[in-house]
Amino acid sequence: MKETKNILLVGVGGQGIILISKILSAALIKAGYDIKMSEVHGMAQRGGAVTTQIRFGEKVYSPIIGKGSADFVVAFEKMEAMRWLDYLKPDGKLILNDFELGSAPILAGKAEYPEKIVEELKERTNLISLKASDLASEIGNIKTMNIIMLAQLTKELGLEDIEWEDILKENIKPKFHEINLKAFEKSLSLN
Amino acid sequence: MLGILFLQKIRLREFNPLYLRILSHNKTIYHEKYFTQTCIIDVYSKNFLKGVSNMKKLLTGNEATARGAWEAGVHFASAYPGTPSTEILETMANYKEVYSEWAPNEKVAVEASVGASIAGARSLAAMKHVGMNVAADPIFTYAYLGVNGGYVVVTADDPGLHSSQNEQDNRYYARHAKMPLIEPSDSQEAKDFIKEAYEVSERFDVPVLFRLTTRICHSYSLVELEDRKEVEVKKYKRNIQKFVATPAANRVHHVELEEKLKKLEEYANNETKLNREEINSDEIGIITSGISYQYAKEVFGEDASYLKLGFTFPIPKEKIRNFAKKVKKIYVIEENEPFLETEIKALGIEVTGKDKIPLTGELNPDIIREALLGEKRETVQPNPEKIVARPPTLCSGCPHRGMFFELSKKKGAVITGDIGCYTLGSADPLNAMDTVICMGAGVSAAHGFAKVFERTNQKRKVFGVVGDSTFFHSGITSLLDIVYNKSNATIIILDNRITAMTGHQENPGTGYSLMREKTDEVDFEKLVRAIGIKHVRTINPNNLDEVKESIDETMELEEPSVIITRYPCVLKKLHEEEKEEFAPVQHIYKVNTEKCSKCKMCLKIGCPSISFDKETGAYIDPNSCVGCSVCAQVCTFDAIEKVGV
């Protein structure tokens, strides 16, 4: 693969974005790629929007990308998908967790959560939308949502053949191995 | 959920570069020869950094900087936490050959490590960019004196203000303090270059400034590891002429320093491998340093020639002149200030730089592409009507909430704030803050306000709020000012038992050190009484009656006073002795919709667990409520009820 691939993950503090970015990075290294991964620390983590960027290919220089450069935007929340939309390449893919998480002005009753975001995204982008949070709850732990999203991205990247079980086990606490592996498998089997 | 994310110390993966994988028929087949060399990825072990040499690991620039300093034989490291620099010392603390500590502030960190350097040990101090303002005093003078054990100051600048109050470019400190400047552009260089920094420091008898930026600090890239080269602590011999900075001595030292800088410039031109040319084209030549090099390579690839500078002060003039002769057009690509550009222009060389590339904010490849090549990427435009802001907020159960809620009711009072999570007390709906300037100003600015109000007969109460760690950092001297010069400001020390914003570092109030040793814990009450504050009260900030009473009794006071709120950060992993004092809450709260009058009072505390529906009223998310009870205390209809024991 000559061209460097760019992935932007967006969501809200606490959704497990940084963890799956690290898991994906480990997998990409095992697959033999050069990679750079960039994350934002500090004040942003206090319930604010969180993003990480992963770039991989033969040789990666910059750890970050600009607008219009992401081959994949993986959004863990609907409004965040809309907020970061301009990072997506016009022919890139948006993988969306169809899930709503109000921000401070919405919780305080000073703004309404916007309607029909998914409909608009469907119209304007190459969208893969799934209710990963619901699926995670069905599996037994809403926090496995991030692993469900990771599995979807994995499929799109054509990386299903990596030894995911090992990588997940290496990066997740033992008592959560089983449920996360289940979530990963379940997500891979979705059509 | 946030707590779990925050406390997960999952860091690094190690792997062997020779570990090859061949995919065939959907099966993974490992190349036999290399399979045995596969190493176990060790995430939970504290020893994850003790990798075998010649291994490659994915490291952040901060981790690589610590690794490089360890490999260089550093014995002493001191820092005050500050994004994006914090993980340098957190990583260093895992290397037992290095004594690592959190200092109360950056000036102390520098002075302590300067002492260690004079004592003969290779030493390091690390700080965020604004921390260097605090530490500037000893740095400037140590540049005059010269070192015994090699000495490096690491500054982590924050272009784009990801988590800072400004985006100052600390490269100017090198020029101002007259110390050599080294700038890596990724994790591998961070590790390699800091080793050279120690060689330069000892060979030229100068402290070295090592400059990182957020995207180097917090980006992961692959790093080849090497072993530690043990460097013996040099013998210390008293040398008054060198280490006692009297005017007479330093007149001589200044002359010597100018001579050292000339030699360092020769080194930068002819000897160091940190400054290198990549000649690909005679059309475009790019002069760049730090992360900007990576952005430039991304945009121009092999279509331009590069003068990649890693040793940027003293600037290698001869090398730049030579490079300029080899290309027709020169771009200087650098983030924020025109540090290189000004110097290059002073050589009479015509360049394109800040006339096209933005001076403010963080760069990225696309900004450079647009600025220099006029190429703009097509984008999918977000619909602004479908986006509501998502500002950071105080966490559910944050012990700062109760205090800011009660302060927000004191209309007309001035509240001077400070740097930390509690800066978020300034945000909607609490809106309980007038100023935030720098570390410690929450205390000292309160004094200035109180004096002006007093001298102009304005009856306005002044509160200064400051966190535990920030109070140790710069609040104590400010409180002395209040006592000594007699103002009636009330200082509120928000003691959440940890340095929270930067990711939970111990401090002199927590009873533990960076190297996880038990140590003496500062008693805030005793400390402020010793300074001369007579009216002192320690309260539980989750008990609103206590909070209100403690505030009310200061309103008419003619003397200075201190309120200490003592309750741990909701995300803190409690020490054993804290578990007794702050027993974990077993219950949460929920709204009894029949009793809820939809008055929205509970929304005024700004808790992210509480939302509101016009039909059903308030709702508390059971997944994120931690049972702090502040909402139940503000509800005048008793509609918020306890669930569980």
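Throughout this document, residue positions are counted from 1 along each chain, in the order its sequence is written. To label them, take the chains in the order written and letter them from A, then take the ligands in the order written and number them from 1. Only residues with pLDDT of 70 or above have their local features reported here, since the model is predicted, and side-chain atom pairs are shown and tallied only from 80 upward, although totals for entire chains, interfaces and linings are computed over all residues.

The name recorded for chain B in an unreviewed UniProt entry is Indolepyruvate oxidoreductase subunit IorA, from Geotoga petraea. UniProt positions are given in the numbering used here, feature names are shortened, and annotations may be inferred rather than shown by experiment. Here is the UniProt Subunit (unreviewed entry) comment for chain B, exactly as written: "Heterodimer of the IorA and IorB subunits." Here is the UniProt Catalytic activity (unreviewed entry) comment for chain B, exactly as written: "indole-3-pyruvate + 2 oxidized [2Fe-2S]-[ferredoxin] + CoA = (indol-3-yl)acetyl-CoA + 2 reduced [2Fe-2S]-[ferredoxin] + CO2 + H(+)".

Under an unreviewed UniProt entry, the name given to chain A is Indolepyruvate ferredoxin oxidoreductase beta subunit, and the source organism is Geotoga petraea.

**Some words on the UniProt feature "transmembrane region" (unreviewed entry) in chain A**
Those places that UniProt annotates as "transmembrane region" (unreviewed entry) correspond, in this numbering, to residues 6-29 of chain A. Secondary structure elements are taken from DSSP: a helix is a run of H or I of four residues or more, a strand is a run of E of two residues or more, and numbering for both begins at the N terminus. Between the end C-alpha atoms of residues 6-29 of chain A there is a gap of 15 Å, over a span that is 54% helix and 29% strand.

**Thoughts on the UniProt feature "binding site: [4Fe-4S] cluster 2" (unreviewed entry) in chain B**
All names here are of chain B. UniProt tags Cys607, Cys625, Cys628 and Cys631 as "binding site: [4Fe-4S] cluster 2" (unreviewed entry). A maximum C-alpha distance of 10.5 Å places the annotated residues, which cover 25 residues in sequence, within one compact spot. Inspection of the secondary structure puts Cys607 in the loop between strand 22 (588-591) and strand 23 (610-613). Contacts here follow a simple rule: the backbone-placed C-beta atoms of the two residues must lie within 7 Å. What Cys607 contacts, discounting residues up to four positions off in sequence, is Ser396, Arg401 and Cys631. For Cys628, the location among the structural elements is in the loop between strand 24 (617-620) and helix 22 (630-634).

**Things to note about the environment of Ser62 of chain A**
Within the secondary structure, Ser62 of chain A sits in the loop between strand 3 (49-57) and strand 4 (70-75). Accessibility expressed as a C-beta count within 10 Å gives 30 for Ser62 of chain A, which makes it buried. Taking the C-alpha atoms as reference points, Ser62 of chain A and Lys36 of chain A, separated by 26 residues in sequence, lie 7.6 Å from one another. Aside from chain neighbours lying at most four places away, what touches Ser62 of chain A is Gln294, Tyr295, Glu298, Asn364 and Pro365 of chain B. Each residue is classed by its C-beta neighbour count within 10 Å, where at least 20 other C-beta atoms makes it buried, 12 or fewer makes it exposed, and intermediate counts make it partly exposed; the C-beta atoms are placed from backbone geometry.

**Considering the sheet that holds strand 16 (residues 329-333) of chain B**
Residue and element names in this part refer to chain B. As summarised here, the arrangement of the four strands in space is 12-14-13-16, forming an open sheet in which the pairing is mixed. Looking along the sheet, the strands with just one partner apiece sit at the ends: strand 12 (275-278) and strand 16. This sheet shows a mean twist of 15 degrees between the axes of neighbouring strands, independent of strand direction. The pairing of strand 12 with strand 14 (residues 305-309) spans four bridges and is antiparallel. When the bridges of strand 14 are listed, Asn275 appears paired with Leu309. For two strands to be treated as a pair, DSSP must find no fewer than two bridges joining them. The convention used is that axes are lines fitted to C-alpha atoms, helices contributing only their stretch in contact, and that angles between N-to-C directions extend from 0 to 180 degrees.

**Comments concerning helix 17 (residues 441-455) of chain B**
Residue and element names in this part refer to chain B. A helix is expected to span 1.5 Å multiplied by its residue count minus one. In a regular helix each residue adds 1.5 Å, so 15 residues correspond to 21 Å; helix 17 covers 21 Å between its end C-alpha atoms and thus fits that length. Within helix 17 the residues assigned to the buried category are Ala441, Gly442, Val443, Ser444, Ala445, Ala446, His447, Phe449 and Ala450. On its buried face, helix 17 sits against strand 17 (414-416), strand 18 (462-467), helix 18 (468-484) and strand 19 (490-495). In the segment just after helix 17, Asn457 is the residue with positive phi, at about 55 degrees.

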